[in-house]
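The residues making up each chain are set out below.
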Amino acid sequence: MKPRHAAEVAPIDENMQPTQLSHHTIIWPVVEKWLPPAPARVLDAGCGGGQLSYRLAKLGYRVTGIDLPGPSLEKARALLASSDHRWDIISGSVEEFSGANQAFDAVVSIEVIEHLYRPVTFLKNMARALHPGGVVILSTPYHGWLKNVAISALGLWDWHHQPLDEGNHIKFWSKRTLNGALVAAGLEAVEWRGVGRIPFLWKSIMVKALKPTEYSS
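Residues numbered from 1 in each chain as written. Predicted model: local features only at pLDDT ≥ 70, side-chain atom pairs only at ≥ 80, totals over all residues. Heavy atoms only, no water.

A.B. asks: How would you summarise a nonpolar patch on the surface if you had to cite specific residues and measurements?
C.D. replies: Residues W145, L146, V149 and F200 make up a contiguous nonpolar surface patch of about 450 Å² in total accessible area. Locating V149 in the fold gives a position in helix α5 (residues 145-153). (Patch = residues over 30% accessible without salt bridge, like charges linked within 9 Å, V, L, I, M, F, W, Y side chains within 5 Å. Areas by Shrake-Rupley, 256 points an atom, 1.4 Å probe, with all protein chains shown as cover. Salt bridge = Lys/Arg side-chain N within 4 Å of Asp/Glu carboxyl O. Helix = DSSP H or I, 4+ residues; strand = E, 2+ residues; numbered from the N terminus.)

In structure tokens, the structure reads:
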């Protein structure tokens, strides 16, 4: 397996600085494929430095990004200020988000849910923000049985989890557990994808889930 911090970045865009580029090239093609057509309204939940919001806005989507106040959100604001494309930025927690009901056609949340104490609360908030039939697209580092065995056999368990790092991952998701969280939030997974590395040792898993037309959480 590659080192966890190996760079996997998108090609440099003329409106973006190299330090602002961290979006995984293995994830973006799936996001682009699963999104409804532009100019759908998209919530970038956990927008970080704004790279995904920028890409979506460039494609013509009406984008709102939300993340906690701090250095990453300041990078997102700086990227917005330097860009020819427009989107909205909200400073706040995705675990406490109570945005306009049914305002969005899609929610995209990339490598975020593993950082959250209340992932089901987050997913319920995202579902409420979607109109019926809207789509949620998630990615998170993959932790299936075979990958966990491989990490243990190589003696990399402590390195992989990095318990001394502040702000690191606190939830470790398999397909089964992530599907359980979606079900608890009243969402229906309709497509899964493993990305990066080789099957069952994937770097991340991705899921496309729908909000039922008759939603109850």
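A.B. asks: Go over unusual backbone geometry, please, and point to the residues and values.
C.D. replies: The linkage connecting A38 with the following residue, P39, adopts the cis geometry, with an omega of 10°. Considering the arrangement of structural elements, one finds P39 in the loop between α1 (28-34) and β1 (41-45). A positive phi angle is found at Q102, which is not glycine, with a value near 55°. In this structure, Q102 sits in the loop between β3 (88-91) and β4 (104-110). Using a relative accessible area of 46% as the deciding quantity, one classes Q102 as partly exposed. For E111, which is not a glycine, the phi torsion comes out positive at approximately 55°. Mapping E111 onto the fold places it in the loop between β4 and α4 (119-129). Since its relative accessible area comes to 18%, E111 is described here as buried. (Buried < 20%, exposed > 50% of the residue type's maximum accessible area, 1.4 Å probe, protein only.)

A.B. asks: Please set out the confidence of the model for the protein chain residue by residue, giving values where relevant.
C.D. replies: Across the protein chain, pLDDT averages 87, with 89% of residues at or above 70. For the stretch residues 1-23, pLDDT sits under 50, and the model shows 54 contacts to residues farther than four places along the chain or on other chains. (pLDDT = per-residue confidence, 0-100. Contact = heavy atoms within 4.5 Å.)

A.B. asks: Tell me what's going on with the pattern of salt bridges, and back it up with residues and numbers.
C.D. replies: Counted by the stated rule, this structure contains four salt bridges. Residues R77 and E74 are paired through a salt bridge, measuring 3.8 Å at the closest nitrogen-oxygen approach. Separated by three residues within a single helix, R77 and E74 lie in helix α3 (residues 71-82), roughly one turn from each other. For R77, a relative accessible area of 35% translates into the label partly exposed. Linking E95 and R118 is a salt bridge whose minimum nitrogen-to-oxygen distance equals 3.8 Å. One end of the pair, E95, is in the loop between β3 and β4; the other, R118, is in the loop between β4 and α4, and 23 residues separate them in sequence.

A.B. asks: Could you give an account of the side chain of N125, with specific residues and numbers?
C.D. replies: Mapped onto the secondary structure, N125 falls in helix α4. Apart from the residues within four sequence positions on either side, N125 is in contact with V94, E95, E96 and F97.

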